[in-house]
Amino acid sequence: MMKNLPELLAPAGSIDALCAALAAGADAVYVGLGAFNARAAAQPVSLSDFSRACALAHRNGARVYVTENVYLREHELDGALSLAGAALAAGANALIVADAGFARLVRRQFPEAELHLSTQAGVMSAAGARLAARELGVERATCARELSLGELAELCNEGVPIEAFCHGAICICYSGACAFSALRRGRSANRGDCTQPCRLAYSLEDGEGHPVARVAGDRLLCPRDYCSIDHLEELVHAGVSALKIEGRMKNPDYVYNVVRTYREALDALCCDKGFEGDAEELRVQLGRSFNRGFTDAYLRGESGAELMSFERAINQGVRVGTVVERGYHEVVVALDRAVAAGDTLEIRTILPADAAPDVPARWPLVPCEVDGAPAERIRVRCKRRVAPGSPVYLTASAAVRAEADAAVAKVRAGLDAASEVPMTDATACDAPVRPNASERGGCAMPPAISVIVSSLAMARRLLDDERVAAVCVRATRLPEEPDVAWPLSSMTVILDEPCRIADEERTRKLCRRAASVVCRNLGAIELAREEGAAFEVAAPVSATNSETVRWLVGLGARRVWLPDELTAKEACDAMAAAPAGACGVQVYGVPQLMVCEHCLLTAEGPCDSDHGQCARRRAKRFLVEADGSHLPVHVDSCGRTRIFDERPLDRLPDVSALCAAGVGALLLDADLLGEDETMHVLDRLASAADSADSVALA
C-alpha cells in the first residue's frame, strides 16, 4: 500500500519563480529574504512582496519557508533574529536554518516558530537526526544529498521528519564542508557566495607532473544534476516527509517545468497508476530545462565516474536528433523527438574528415525555425562545418517558456491584485532578546598547543614535548598502517567529516580507544556522548559565533575549534563573547578545501571499489588549476576524496590578538608538513604564545 505522499518543495529565488512553483503544483516553496541565506546572488524579495506572496501561497494551499541558512558572524545575530521575526510576521510557515546557535536564539525569541535544519548542518545518520531534534528542537531535518535509498529509509525510521533532495544541481563537496571558495577566492560557499570552483577545468597529475586523467573532459570536480524521477516510489516507501527541488538561482520556466514533472509523477503514484511506462518521457520533459546531465548514482549507493559530467559544466539539454546531411550553411537533422519553432538546438560537432587540424571542435547553438515531429527531417541553419552523425540536443524549449510565462502571468495577477498583509505579530518589531555573554575579563591561562601529526614517529616525539598539550591524528591516517599500535589512549583522534551509517561502528570504537576525539558532524557528537568520550568539536560543525560555541560547550565539548574561513577579527569577535578559553584556532597548517564522497581517482580509469588496497591513492596526486596551482589530493580507505590548499595558512602573526581575545588553544596542523618544518613552526608558535602570555601578565 502506498504511503502518504511527501511534500513537494520548490525553490523560489524570485516572486515570478514562486508563482511558477504554485502554478505547477508545489506543496511548499522556500525563499530567501535579504541577507543571511545561502544564495547571496539571488534576486532579493522585499517584505512587502513577500507578505502578499505568503497570502497567495496560503490561498493555494501551499506553505512558505524562509531560508536563513548561513553560518552567522557574531555581529549578524541580532539582524538575523529581526529578519526572522519579520518573516514570521509576514506569513512564513517555517525558517530553514543551519547555524545551531541561531536556531536556539530563534527558539527562545519565537518559541512557536517551526524550524527546519538545512542540509548545510550535515545530518546524514539517525544519530545526527536525534541530536538535532532533541537539542535544537527542529521539526524537520534536510539530509545530505550523498545518502542512498537504504540510508534514507533508516534515517526516516528514527521518527524525525526528513527532507530529501529530489532534483537539481549537486555540490561535489559535502554540503557545509567546503572551504575552497572561501580560502582560495575570498568568497564563502557557507555564506551563499560560492565562486563554484567545482565547475572549472583542472588537470590531475602525479608526483612527477605527468597527467593521469583518462576521461574525455577536464571538469574533474563537476557532477551531473541529481534526478530521482526513477526512484520516487522508493523514496515514498522510505518515508521521506518532503522532496526538495534545488534551484533558487534558476529561472521561472525551470521551476515550472521541473515542479510540474514531479507533480505529475507523484500524483500518478497517489492514484496507484504508477508511471513506469512514462518514466523516459518524464526524464525527457525534465531535460528540456537546464541540466548538466542527470544522475541517480547517490541513491543507488554509487559515487564513481558515473556521477560526473567531465566534458562540460553548462546546460546539456536533451537529445532530439542526429545530423544526416551537410549543406551550404545548413544541415539536415533526423529527429528522434519533437522540436518546435523557437527552440534552441546545439550540435555536438563531429568535425568532417577534411577539416583543418587547427579547426576548434566547438558546439554551435542554432535556432530551430520550424516544428518537427519524431522521425521527420528538418533543415537547420548552421554556418559551421559539421559532419553527418553529429548528435543534436535541445537546450532551450520555446514551448516550456511559453507555458511557464502563461502560468506565471495567471498566478501573478492574483498577487498583484492583493493588498499587503499587515504584520500583526508584535514580536516582529521588538528588539531581539539575547542572553548575556558570560563573564570574561580574558583567559587566565596561556593557550594550550595542539599538534596534528601524520606519523607514529612524530606522535611519539611530541608526546614527550612539554610544550604540546595534545597530540592529534586524523582517523583517516589510522588504517594506512594497520599493524602499527598507535598510542591512542594518550592521543586525540580527529574523526571524519561524514558520519553515515557505515561509519558509526568505527566512530564508536575510536571514541572508546582515544583519550579524546574531535567531532566534525552532529552524528559524531551524539555517538561521542553516548560512549562517554571526552570530545572537542570542529568544522564542518561550524561555530562562527558565541551562541553556537555556548551550545556546544553545553553539550559537553571541552573545546570548540573555529573554522579556518573566519578572519582573525571574526574569530576574536566570537571568542570575546564566548565562555572563557572555550575556543581554539588553527594558526598554521595546510587547510582542507573540500571533502567528497566521490573518488577523484576514478578519472584515471575504472575502480574495483577495493579502496583499502588501491595503489593509486597511495601515490602522490595533485589537482592542477588553470593558473598552475597544485592542490594535494588524498583519497582515504573509504574512497572519499579530500583536496588541500597549495600553501599553509599562517596565522602566527595573529597569535597575540587571539590570546588577547581569550583563545583557549592554538593548533599546528602538521599533517602535510615535514618533520623539520613542523619543529620549526612549533618553536615559532611556542615563542609567540609565551610572548603573548607575558604581555597579558604585564
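Above this note sits the structure.
Residues numbered from 1 in each chain as written. Predicted model: local features only at pLDDT ≥ 70, side-chain atom pairs only at ≥ 80, totals over all residues. Heavy atoms only, no water.

A.B. asks: Help me understand the overall build of the protein in this model?
C.D. replies: Along its length, the protein carries 18 helices and 30 strands. Computed over the C-alpha atoms, the radius of gyration of the protein is 27 Å, within 12% of the 26 Å expected from 2.2 N^0.38 for a compact globule of 698 residues. A principal-axis box enclosing the C-alpha atoms of the protein has dimensions of 85 × 70 × 45 Å. Each of the 698 residues in the protein was classed as buried or not, and the buried ones make up 58%. Within the protein, contacts between residues at least 6 apart in sequence are counted, and of these 71% link residues at least 24 apart. With an accessible surface of roughly 27000 Å², the protein has 49% of that area assigned to carbon and sulfur atoms. Mean positive and mean negative side-chain charge positions of the protein (75 and 96 charges, respectively) differ by 2 Å. (Helix = DSSP H or I, 4+ residues; strand = E, 2+ residues; numbered from the N terminus. Rg over C-alpha atoms; globule rule 2.2 N^0.38 Å. Buried < 20%, exposed > 50% of the residue type's maximum accessible area, 1.4 Å probe, protein only. Contact = heavy atoms within 4.5 Å. Areas by Shrake-Rupley, 256 points an atom, 1.4 Å probe, with all protein chains shown as cover. Lys, Arg positive; Asp, Glu negative; His and termini not counted. Charge placed at Lys NZ, Arg CZ, Asp CG, Glu CD.)

A.B. asks: So what exactly am I meant to see when it comes to helix α4 (residues 100-109) here?
C.D. replies: Note: α-helices contain 3.6 residues per turn, so residues at a spacing of three or four share the same orientation. Of all the ten residues making up α4, eight are buried; the element is thus mostly covered by neighbouring parts of the structure. By the burial criterion, the buried members of α4 are Ala100, Gly101, Phe102, Ala103, Leu105, Val106, Arg107 and Gln109. Packing partners of the buried residues in α4 comprise β3 (63-68), α3 (77-90), β4 (94-97), β5 (115-117), α5 (126-136) and α15 (546-555). Sitting at the head of α4, Asp99 places a side-chain oxygen 3.0 Å from the backbone nitrogen of Gly101. (Polar contact = N/O pair within 3.5 Å; in protein donor to acceptor, adjacent residues only side chain to side chain.)

A.B. asks: How should I be thinking about unusual backbone geometry in this particular structure?
C.D. replies: For residues other than glycine, phi is negative in most cases, and the peptide bonds are mostly trans. Going from Ala539 to Pro540, the amide bond is cis rather than trans, its omega being 15°. Looking at where Pro540 falls in the secondary structure, it is placed in the loop between β22 (535-537) and α15. At His329, a residue that is not glycine, the phi angle is positive and equals roughly 60°. With respect to the helices and strands, the residue His329 is situated in the loop between β12 (318-327) and β13 (330-335). For Ala375, which is not a glycine, the phi torsion comes out positive at approximately 80°. The topology assignment puts Ala375 in the loop between β15 (365-367) and β16 (377-381). Taking the relative accessible area as the measure of exposure, Ala375 reaches 71% and is therefore exposed.

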